[in-house]
Amino acid sequence: MRLGFLFLPSTLSSSSSSSSSVVVGSSISRSIVRPAPSLLLHRPFHFIPNRTTSNSNGFQFPARTTLAASASSMASSFKTEQARVPPALQLPSPSITKFKIGLCQLAVTADKERNIVHARAAIEEAAEKGAKLVVLPEIWNSPYSNDSFPIYAEDIDAGPDASSSTAMLSEVARLLKITIVGGSIPERCGDKLYNTCCVFDADGKLKAKHRKIHLFDIDIPGKITFKESQTLTAGETPTVVDTEVGRIGIGICYDIRFQELAMLYAARGAHLICYPGAFNMTTGPLHWELLQRARAVDNQLYVATCAPARDAGGGYVAWGHSTLIGPFGEVLATTEHDEAIVISEIDYSQIELRRTNLPLEKQRRGDLYQLVDVQRSSSQ
């Protein structure tokens, strides 16, 4: 992606919050629901005077045009349509626009077969609670370590006999008639290893495969050092997939730190971005919720994350806190660090509402900055 942009500060006040009616809960652990902000911004239209007229008494009053007309003129002079190259796509109309999502925060062990059986049971429980979309954590079939990735890796392209993890996901998606964003597993392809997320539709078909684009290479002295690039290869393709529960963008953990990817997904018409992720005990408390809310509010869409449960005795200790964020940046549902199944509701009409309240798409300055989707541009 080539990107040059300038962020302009703005302020906005909104009305007070109202209670949420989302459903949560699990036999594994309790989850938390937070109230969502009011669904409407109670702000009047503003009018712009452009000429004067007289009434019957001879008094002159300014004739006014609506904010919409002013916005149209502004869009023309600011070249808003050029802020995204190619121009942003409109949101598609999925067959299901209001549904429940299940985030399965799972404990991961060194026993791969146990992990697969446990993940299946969690998916089935989420479906029993009404979830039409179920999301699993990052690296749910293997310990999270460079030593483990080569041992637990599966050749997904070789079919179900070579990939027991994805074979399970395909089968359970078909039997339960749900869409599954299958967290991620170590994938072997030739002599390379990837951190890969597979998406299966309600027929059990593999709809998309996302290989983690930004590898987790960090060094915080005295806190944590980890370099995925020692064993893994970075993916090269952003992933947006159309499902019966909407157009979904996929990122894996460290991908969430790169706002350009989320902006690109929004420009491709995504309703929701799913980030299976395993933030640690250093970055988790500081950045995990912050980044999710930022990606959601900046792009006015839903963001869902799913993490492994915390194992304080493990080699890599995950922060947990799987969460659903709404298009206004509100935390709709979350949990703590233990095993849990978070069930919450997604309603895509809220995206349209928020984009009407705050018409950012019509206010961008294409005369000052652009986001270039290199892949789409090259294919045209």
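Relevant structure appears above.
Report on the accompanying structure. (Residues numbered from 1 in each chain as written. Predicted model: local features only at pLDDT ≥ 70, side-chain atom pairs only at ≥ 80, totals over all residues. Heavy atoms only, no water.)

1. Examining the overall build of the chain
Note the cut-off: Strands are runs of DSSP state E lasting at least 2 residues, helices are runs of H or I lasting at least 4, and numbering of each runs from the N terminus. Note on classification: 1.4 Å probe, protein chains only; a residue is buried when its accessible area is under 20% of the maximum for its type, exposed when over 50%, partly exposed between these limits. Note on contacts: a residue pair qualifies if any of its non-hydrogen atoms lie within 4.5 Å across the two residues. Per-residue accessibility takes into account occlusion by the displayed protein chains alone, with areas from the Shrake-Rupley method and a 1.4 Å probe.
If you tally the helices and strands in the chain, you get eight helices and 20 strands. A buried classification covers 50% of the 380 residues belonging to the chain. Counting only contacts in the chain whose residues sit at least 6 apart along the sequence, the fraction spanning at least 24 positions is 70%. Surface summary for the chain: the accessible area is close to 17400 Å², and the carbon and sulfur share equals 52%.

2. A few points about the environment of Gly277
If you trace the backbone, Gly277 turns up in the loop between strand 15 (272–276) and helix 6 (283–299). The residues touching Gly277, leaving out its near neighbours within four places in the chain, are Glu138, Cys253, Trp288, Cys306, Ala307 and Pro308.

3. Section: the side chain of Asp347
The line we're drawing: The charge count treats Lys and Arg as positive and Asp and Glu as negative. His and the chain ends do not count. A pair is scored as a salt bridge if a Lys or Arg side-chain nitrogen falls within 4 Å of a carboxyl oxygen belonging to Asp or Glu. Pairs of N or O atoms are called polar contacts if they sit within 3.5 Å, as long as, within protein, a hydrogen donor faces a hydrogen acceptor (for residues adjacent in sequence, only side-chain-to-side-chain pairs).
Along the chain, Asp347 turns up in strand 19 (residues 340–347). The buried charged residue Asp347 lacks any salt bridge, with Lys98 as its nearest oppositely charged partner at 4.3 Å. A polar contact is formed between the side chain of Asp347 and the side chain of Ser349, at a distance of 2.8 Å. Sequence-distant contacts of Asp347, that is, excluding residues within four places in its chain, are made with Thr97, Lys98 and Tyr302.

4. Quick word on helix 4 (residues 164–176)
Applicable threshold: By definition here, a helix of n residues has an expected span of 1.5 Å times n minus one. Starting at the helix axis, one direction is taken to each C-beta atom, and the arc is that of these directions.
When the terminal C-alpha atoms of helix 4 are compared, their 18 Å separation across 13 residues agrees well with the 18 Å that a helix rising 1.5 Å per residue should span. Among all positions in helix 4, only Ser165, Thr166, Met168, Leu169, Val172 and Ala173 are buried. All buried residues of helix 4 project into a common sector of 150 degrees when viewed along the axis, lining one side. On its buried face, helix 4 is in contact with helix 2 (112–128), strand 7 (179–181), strand 8 (185–189) and strand 9 (192–200). Just downstream of helix 4, Lys177 is the residue with a positive phi angle, here 55 degrees.

5. Looking at the nonpolar core
This is how it is decided: We define a nonpolar core as any set of buried Ala, Val, Leu, Ile, Met, Phe, Trp, Tyr and Cys residues linked to one another through side-chain atoms lying within 4.5 Å.
Membership of the largest hydrophobic core comes to 50 residues, with the highest contact counts inside it found for Leu133 and Leu272. Of all the elements, helix 5 (residues 259–267) adds the most residues to this core, at six residues. In this structure, Ile116, Ala131, Val172 and Cys198 belong to the second largest nonpolar core, which totals 23 residues.

6. Structural notes on the layout of surface pockets
Using the following cut-off: With a 1 Å grid spanning the protein atoms alone, the term cavity applies to any set of points in which a 1.4 Å probe fits but cannot get out, the term pocket to an open set with protein on both sides within 12 Å along at least five of seven lines, and the term lining residue to any residue with an atom within 4 Å of a point. Grid points are joined across faces, edges and corners, and a volume is the space filled by probe spheres set on the points. When residue character is reported, Ala, Val, Leu, Ile, Met, Phe, Trp, Tyr, Cys and Pro are called nonpolar, Asp, Glu, Lys and Arg charged, and the others, Gly included, polar.
Taken as a whole, the second largest pocket holds about 350 Å³ of empty space. Lining the second largest pocket are 19 residues, and of these Gln90, Leu91, Gln300, Arg355 and Glu361 lie nearest its centre. Class assignment of the residues belonging to the lining of the second largest pocket gives a composition of eight nonpolar, four polar and seven charged.

7. Observations regarding the pattern of salt bridges
In this structure the tally under the stated criterion is twelve salt bridges. Notably, a salt bridge pairs Asp157 with Lys209, separated by 2.6 Å at the nearest N-O pair. Note that Asp157 is positioned in the loop between helix 3 (149–152) and helix 4 and Lys209 in strand 10 (residues 206–211), a separation of 52 residues in sequence. Classification of Lys209 by relative accessible area gives partly exposed; the value is 24%. For Asp367, the salt bridge identified is with Arg365, shortest N-O distance 2.8 Å. With relative accessibility at 19%, the residue Arg365 sits in the buried group.

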